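# Residue-level structure breakdown
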Amino acid sequence: MSRAEDILEKLTLRDKISFISQMVMERADLSEYGMKNFLLADGPSGIRMMKETDQEDIYDTLPLTCYPSASTYASSWDRELVWNIGQHLGREAQTQNVSVLLGPGCNIKRSPLGGRNFEYYSEDPVLTAELATEYIKGLQKEDTGACIKHFAGNNQETRRMTINEKIDERTLHEIYLRAFEKPIKEGSPYMVMTAYNRINGEYGAESNVTLRDILRKEWGYKGCVVTDCFGAHDLNKALINGLNLQMAGESPERLEEEITEMLQKGTLSIEQLDQAIRPTIEMAVRCEEVSRKESYDPEEHHNFARKAAEESMVLLKNKDDFLPLNAEDSIAVIGGMGKNLRFQGGGSSHVNPYRLEQVYESIVKLCPQAIYAEGYTDDISSGEMIEEAAVVAEKCDKVILCMGLPEIYESEGYDRVHMKLPQCQEELLQRILEVNKNVAVVLFNGAPVEMPWEEQVSAVLEAYLPGEAGGGAVANVLFGKVNPSGRLAETFPFKISDTPCYLNFPGRWNEVTYAEGIYVGYRYYDKKEMPVRYPFGYGLSYTTFQYSNLQIIKKDKEIQVSLELKNTGNRGGKEVVQLYIGKPGKWFECPIQELADFQKIWLDAGETKQIKFILKKDSFGIYDTDIHEWVVESGTYRILAGSSSRNISLEGQVEWTEPKEYPDITEHTNLEDMIRLFGKEQQLRELFKDNPVSLGFLERCMSEDPLTQSMGTLMSFHTLRRIDNKLTEEDIQRMLKELNQRS
Ligand code: BGC
């Protein structure tokens, strides 16, 4: 018998019940079972380690490394880097006796206003899934468990604990669940945290759909499912549907009463209770059997946090090679964030950093003559502060202006209400431009901002929320110690009213309709042919790359794609090669293109490499809501490769054939569709040879006159049945059968 089974057998009912609640369990004395209580701590970008249990101030935590936020390191598009972030976090967690770190967050960025966007990866489910899988694998390599969250659909903070999201089935699968599927199936996180919100009427912690049918049955997840903090509702339904643990919640007495009542009434059996607590015991045993690491090297972790930030920052604009800067340049650094770095978001992910590196101090190390003016503090400034900054800006050849969102703008618990930077910062920029046109803006923000001034400045570096060593990383990128290689994991729209869910975010009263469906992020902007400030996947480098020689080979059940990438500039650098596919969209409404895969590649100056991808059938999947399954259309697929979703350099095609053409012809399929989509003209002629009336309608389909033509094309068996007296019910069934016969 396994140790977990052995413990389960010995547990008293009372202790069994304590295993339902993380809060109760943390305090229960489990020593008589030879067990220690395990410890959960918040991530995902650092460890929020409370000094005392039960303390009120959630920000009073032990100093530990603050890595860049997820929105930042997602822009690295670098699987290996993200694995390493996981590993560093895992090692650090080990030394703090943390058994499971509450991360990664795999919610999709539906709107740029989402208050927790900085904790999430992308608007794209494939990018999210790929990076989260690596994070989990890296973390768990160090025997620290991952807790993927918030499953599913926690895409806004407004009314997050009650909001009912109306999401259609296809969108739920193709966008919101897809982001979780691979990390859960391949990463095998110790825990899954359910989301607060409701989806189509059901809370995440007890859902018949997302929890029972998808996570447990379809994906076969066997680990521990925990609610978000105070996120349990109907505990009885939840336990039966696959929930194991309730984070925080009622008192031990109340919980005991509640479960005892369920057992007495028979709405929960003792077997179901055992089944509910088994994964938690197994996990606790697994966490205990680890030989804990005593220490880690905080300096190494700090330096790694800097590297992670350097690999992630996105160079958005660099007019006339304004950057990189030189050590001899005359430079003014301006902005409160230059000396008081905005490096992380607010809420449960907030970390007390080990050591902070500021932008100005880091620039001075590389360029000692650089001078500084504050100009603003967060969203406050004065005429005097602005004038002082203008004087400093005028004295120098080049200005580095640090702008960004104050911490209070971006946090768990609430959404942003607009996408603008604080007005005083924009006023400061305008005043500086009056005295010095050579301005590079460095942005600190967890999610996109409007940039009406973009054309007036020479360079823009999106530093996102770069973690505790972000100041050093900014300096290294600005001065070319590091060649920028970040690419946007989300679109930067011009303005909030351009966004796909503008009319439906954050919803009316307690309900929000995901009316944009699968058209989230670039899927929407592409389809609408809308210009955007910066597209998904975009980012500049100090070197340039050339794509050539696309080869596409179909082999059995996979498609092999290769291309050549050349570094055509004069310094080494990394490119993110992005592969998109365009589905035939014969039966289903489809986006113009969807990310299928990507690789981040280093090339020395002048070097050429061959890049290879293998596309499997699941890249082509579409969720069919008629049969509630993934299907693949037969037809011509476009394969597109490039450096962003709007900079496709190479395009090719490949045919994919599925044994079953999709879907069946029914009595409601019209003649036009039978002819055009199914290619059945000849067969219909044969079938109708003894039915002159029906044949007549078929002939009309060929007419040059559009009205006459429509008299044919719009007919179906359902309509013909009423017009063609010779067409019997038997004929119709026989004909449908023949039409649907596959070769
Ligand atoms: C957040 C979770 C977090 C939990 C524990 C909740 O408010 O939504 O992401 O892990 O608190 O702090």
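A brief structural summary. (Residues numbered from 1 in each chain as written. Predicted model: local features only at pLDDT ≥ 70, side-chain atom pairs only at ≥ 80, totals over all residues. Heavy atoms only, no water.)

With that out of the way, let us pick up the overall build of the chain. In terms of regular secondary structure, the chain is built from 23 helices and 24 strands. In terms of C-alpha radius of gyration, the chain reaches 29 Å, essentially the compact-globule figure of 27 Å for 743 residues. Projecting the C-alpha coordinates of the chain onto the three principal axes gives extents of approximately 95 × 70 × 50 Å. For the chain, the proportion of its 743 residues judged to be buried stands at 62%. Intrachain contacts of the chain at a sequence separation of at least 6 include 76% that bridge at least 24 residues. Surface accessibility of the chain: about 29100 Å² in total, with carbon and sulfur atoms responsible for 47%. Distance between charge centroids for the chain: 3 Å, based on 84 positive and 118 negative side chains. (Helix = DSSP H or I, 4+ residues; strand = E, 2+ residues; numbered from the N terminus. Rg over C-alpha atoms; globule rule 2.2 N^0.38 Å. Buried < 20%, exposed > 50% of the residue type's maximum accessible area, 1.4 Å probe, protein only. Contact = heavy atoms within 4.5 Å. Areas by Shrake-Rupley, 256 points an atom, 1.4 Å probe, with all protein chains shown as cover. Lys, Arg positive; Asp, Glu negative; His and termini not counted. Charge placed at Lys NZ, Arg CZ, Asp CG, Glu CD.)

Attention now goes to the site of the ligand. Asp42, Arg116, His150, Asp228 and Glu412 are the nearest of the 14 residues found near the ligand. Side-chain polar atom of Arg160 to an oxygen atom of the ligand: 3.2 Å apart, as the coordinates give it. A distance of 3.3 Å is found between an oxygen atom of the ligand and a side-chain nitrogen or oxygen belonging to Tyr196. In the complex, the protein chains occlude 91% of the 310 Å² of accessible area that the ligand would expose alone. Considered class by class, the residues forming the shell around the ligand number five nonpolar, two polar and seven charged. (Near = heavy atom within 4 Å. Polar contact = N/O pair within 3.5 Å; in protein donor to acceptor, adjacent residues only side chain to side chain. Nonpolar A, V, L, I, M, F, W, Y, C, P; charged D, E, K, R; others polar.)

Here Asn567 is to be found in strand β17 (residues 558-567). Classification of Asn567 by relative accessible area gives buried; the value is 0%. In this structure, the C-alpha to C-alpha distance between Asn567 and Leu603, residues 36 residues apart in sequence, is 6.0 Å. Here Asn567 is in contact with Thr543, Thr544, Phe545, Gly572, Gly573, Leu603, Asp604, Ala605, Gly606 and Glu607, once residues within four sequence places are set aside. Side-chain polar atoms of Asn567 contact the backbone oxygen of Leu603, separated by 2.9 Å.

Turning to the sheet that holds strand β18 (residues 573-582), a few remarks are in order. Read from one edge to the other, the open sheet built from four strands follows the order β19-β18-β23-β24, with strand pairing classed as antiparallel. The two strands at the open ends of the sheet, each matched to only one other strand, are β19 (594-603) and β24 (647-656). Taking each pair of neighbouring strands and ignoring which way they run, the sheet shows an average axis angle of 20 degrees. Note: β18 against strand β23 (residues 635-644), five bridges, orientation antiparallel. The residue of β23 that forms the bridge with Gln578 is Gly642. (Pairing = 2+ DSSP bridges. Axes fitted to C-alpha atoms, helices over the stretch in contact; angles between N-to-C directions.)

Counting residues in each nonpolar core, the largest one holds 110 residues, and the members touching the most others are Met191 and Ile259. No other element matches the eight residues that helix α11 (residues 270-288) contributes to this core. Formed by 70 residues, the second largest nonpolar core is a distinct cluster that contains Leu341, Tyr376, Cys396 and Val460. (Core = buried A, V, L, I, M, F, W, Y, C linked by side-chain atoms within 4.5 Å.)

Their axes nearest at 7 Å, the elements helix α13 (residues 359-366) and helix α16 (residues 470-478) cross at an angle of 40 degrees. On the basis of the axis angle, α13 is oblique to α16. For the element pair α13 and α16, the recorded crossing hand is right-handed. Within the contact between the two elements, α13 uses Val359, Ser362, Ile363 and Leu366 and α16 uses Gly471, Gly472, Val474, Ala475, Asn476 and Leu478. When grouped by side-chain class, the residues that make up the contact of α13 with α16 number six nonpolar, four polar and no charged. (Parallel < 35°, antiparallel > 145°, perpendicular 65-115°, else oblique. Left-handed = near helix turned anticlockwise from the far one by under 90°.)

Take the sheet that holds strand β7 (residues 202-203) next. If you walk across this open sheet you meet the four strands as β7-β6-β4-β15, and the pairing is mixed. Two strands in the sheet have a free side with no partner beyond their single neighbour: β7 and β15 (511-513).

This next bit is on the environment of Ala473. The topology assignment puts Ala473 in helix α16. The class for Ala473 is buried, based on a relative accessible area of 0%. A sequence separation of 51 residues divides Ala473 from Pro422, and the C-alpha atoms of the two residues are 24 Å apart.

Considering all chains together, one arrives at zero disulfides under this definition. With no disulfide of its own, Cys106 lies closest to Cys147 among cysteine sulfurs, the gap being 11 Å. Given the relative accessible area of 0%, Cys106 is considered buried. Cysteine Cys396 is unpaired, with the sulfur of Cys367 as its nearest cysteine sulfur at 8.9 Å. Taking the relative accessible area as the measure of exposure, Cys396 reaches 9% and is therefore buried. (Disulfide = S-S within 2.5 Å.)

Before going further, it helps to spend a moment on the packing of aromatic side chains. Following the criterion strictly, the structure yields 19 aromatic pairs and no others. With a centroid separation of 4.5 Å and 50 degrees between ring planes, the pair formed by Trp587 and Phe678 is classed as tilted. Separated by 91 residues along the polypeptide, Trp587 in the loop between β18 and β19 and Phe678 in the loop between α18 (671-676) and α19 (681-687) bring together distant segments of the chain. As far as burial versus exposure is concerned, Trp587 and Phe678 are alike and both buried. One aromatic cluster is present, built from ring pairs that chain together Trp77, Tyr522, Phe536, Tyr580 and Phe598. The lysine or arginine in question, Arg110, covers the ring of Tyr514, its NZ or CZ lying 3.8 Å from the ring centre. The ring of Phe322 has Lys398 sitting right over it, with the charged end atom 5.1 Å from the ring centre. (Phe/Tyr/Trp six-rings, centres within 6.5 Å; stacked < 30°, edge-to-face > 60°. Lys NZ or Arg CZ within 6 Å of the ring centre and 35° of its normal.)

Now for helix α10 (residues 252-265). In a regular helix each residue adds 1.5 Å, so 14 residues correspond to 20 Å; α10 covers 20 Å between its end C-alpha atoms and thus fits that length. Three or more residues of α10 are buried, namely Leu255, Ile259 and Met262. One side of α10 holds all its buried residues, which, seen down the axis, span an arc of 55 degrees. Pointing more than 90 degrees away from the buried face of α10 are the exposed residues Glu253, Arg254, Glu257, Gln264 and Lys265. Buried residues along α10 sit in contact with α2 (13-18), α3 (22-27), α9 (235-241) and α11. Positioned one or two residues after α10, Gly266 has a phi angle of 85 degrees, which is positive. (Expected span 1.5 Å × (residues − 1). Arc of directions from axis to C-beta.)

Looking now at the pattern of salt bridges. What the rule picks out here adds up to 56 salt bridges. Glu300 serves as the salt-bridge partner of Arg91, at 3.7 Å between the closest nitrogen and oxygen. Of this pair, Arg91 sits in helix α5 (residues 79-95) while Glu300 sits in helix α12 (residues 298-310), and the two are 209 residues apart along the sequence. Since its relative accessible area comes to 34%, Glu300 is described here as partly exposed. (Salt bridge = Lys/Arg side-chain N within 4 Å of Asp/Glu carboxyl O.)

When helix α1 (residues 3-10) is considered as a whole, its buried residues turn out to be Ala4, Ile7 and Leu8. Seen from one end, α1 has its buried residues packed into an arc of 100 degrees, which puts them on one side. Those residues of α1 that are exposed and aimed more than 90 degrees away from the buried face are Glu9 and Lys10.

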